[in-house]
Amino acid sequence: MRIKLNSVLVDDQSKALTFYTEVLGFVVSQDVPVGEFRWLTVRSPEGGETELTLEPNANPAAKAYQEALFGQGIPLTAFEVDDVKAEFQRLRAKGVEFTTEPMQAGPVWIAVFSDTCGNLIQIYQPPKA
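So, a few notes on the structure that sits alongside this text.

Below, the discussion takes up the nonpolar core. Ranked by internal contacts, the top residues of the largest apolar core, which has 25 residues, are Tyr 20, Leu 24, Leu 54, Phe 79, Phe 98 and Phe 113. Of all elements in the fold, only β1 (5-10), α1 (13-23), β3 (37-43), β4 (51-56), α3 (84-93), β7 (108-114) and β8 (120-125) reach the threshold of two or more residues within this core. With five residues, the top contributor of residues to this core is α1. For Tyr 20, the residues in contact, after removing those within four places along its chain, are Val 8, Gly 25, Phe 26, Leu 52, Leu 54, Phe 79, Asp 115, Asn 119 and Ile 121.

What follows deals with the environment of Glu 97. Mapping Glu 97 onto the fold places it in the loop between α3 and β6 (98-105). Classification of Glu 97 by relative accessible area gives exposed; the value is 61%. If sequence neighbours within four positions are ignored, Glu 97 has contacts with Phe 113 and Ser 114.

Turning next to the sheet that holds β8. Read across the sheet, four strands follow the order β5-β8-β7-β6 without closing on themselves; strand pairing throughout is mixed. Each of the sheet's edge strands pairs with one partner strand only, and the pair in question is β5 (77-80) and β6. For this sheet, the mean angle separating the axes of adjacent strands, direction not counted, is 20°. Across five bridges, the pairing between β6 and β7 is antiparallel. Following the sheet pairing, Gln 104 is matched in β7 by Trp 109. Lying on the sheet, α3 is in contact with β6, β7 and β8; it crosses β6 at an angle near 170°.

Okay, a nonpolar patch on the surface next. A surface patch of nonpolar side chains, amounting to about 330 Å² of accessible area, comprises Leu 5, Val 32, Val 34 and Trp 39. Of note, Leu 5 is situated in strand β1.

This paragraph deals with the pattern of salt bridges. Overall, the coordinates contain six salt bridges when judged by the stated rule. Lys 4 serves as the salt-bridge partner of Glu 49, at 2.5 Å between the closest nitrogen and oxygen. One end of the pair, Glu 49, is in the loop between β3 and β4; the other, Lys 4, is in the segment before β1, with 45 residues separating them in the sequence. Under the relative-accessibility criterion, Glu 49 is labelled exposed at 56%. Residues Lys 15 and Asp 11 are paired through a salt bridge, measuring 3.4 Å at the closest nitrogen-oxygen approach. Relative accessible area serves as the criterion here: at 40%, Asp 11 is assigned to the partly exposed category.

Before going further, it helps to spend a moment on the side chain of Gln 125. Counting through the fold element by element, Gln 125 comes out in strand β8. Given a relative accessible area of 14%, Gln 125 falls into the buried group. Polar contacts involving the side chain of Gln 125 include one to the main-chain amide nitrogen of Val 84, which spans 2.8 Å. Those residues in contact with Gln 125 that sit more than four places away from it in its chain are Val 81, Asp 82, Asp 83, Val 84, Pro 107, Val 108 and Trp 109.

Rules used throughout
- Here the residue index of a chain counts from 1 through its sequence in written order.
- Residue-level local features of this predicted model are given only where pLDDT is at least 70; pairs of side-chain atoms are given and counted only at 80 or more, and the full residue set underlies all totals for whole chains, interfaces and linings.
- In computing side-chain properties, one takes all heavy atoms of the structure into account and sets aside hydrogens as well as water.
- To form a nonpolar core, buried Ala, Val, Leu, Ile, Met, Phe, Trp, Tyr and Cys residues must be joined to one another through side-chain atoms within 4.5 Å.
- Each residue's exposure class comes from its accessible area (1.4 Å probe, protein chains only) as a fraction of the maximum for that residue type: buried when under 20%, exposed when over 50%, partly exposed otherwise.
- The helix count covers DSSP runs of H or I at least four residues long, the strand count covers runs of E at least two residues long, and both are numbered beginning at the N terminus.
- In this description, contact between two residues means that some pair of their heavy atoms is separated by no more than 4.5 Å.
- Any two strands with at least two DSSP bridges between them are considered paired.
- In this analysis, axes come from line fits to C-alpha atoms, helices being fitted only over the stretch in contact, and the angle between any two N-to-C directions falls in the range 0 to 180 degrees.
- For patches, a residue must show more than 30% relative accessible area and have no salt bridge; joins then use 9 Å for like charges and 5 Å for nonpolar side chains, namely Val, Leu, Ile, Met, Phe, Trp and Tyr.
- Using a 1.4 Å probe, the Shrake-Rupley method yields the accessible areas, and only the shown protein chains count as cover for residues.
- We define a salt bridge as a contact between a side-chain nitrogen of Lys or Arg and a carboxyl oxygen of Asp or Glu at a distance within 4 Å.
- A 3.5 Å cut-off defines polar contacts: any pair of N or O atoms within that distance qualifies, except that in protein one atom must be a possible hydrogen donor and the other a possible acceptor, and neighbouring residues in sequence count only when both atoms are side-chain atoms.

These results come straight from atomic positions and should not be treated as a statement about function.
Rendered as structure tokens:
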């Protein structure tokens, strides 16, 4: 069993695609029309096989879940980075709004930002081995 695909709920797939590629730096893996929506995945340009689906929140339960997490300040998912402070500076320079600036949480450094599509996303830097 392997993790090869994970999803984030988004309120607008086109807006999400722009944010996740042009701002975060992911690359498009799949973009296939599926009725009114798209099978839309991105992946890290650094390699690996894991893809992230930019999943429409069209289902009322999905939308309610997304809004509840955001309202409570809970990130929907987290992405690992090599240097949280440097990534914070890079993203802030691109206009990304952070709800939590870089801070240490035990041995891990974290920061949290809004993805403009209804989610809070955490970035984290694991301790150096």
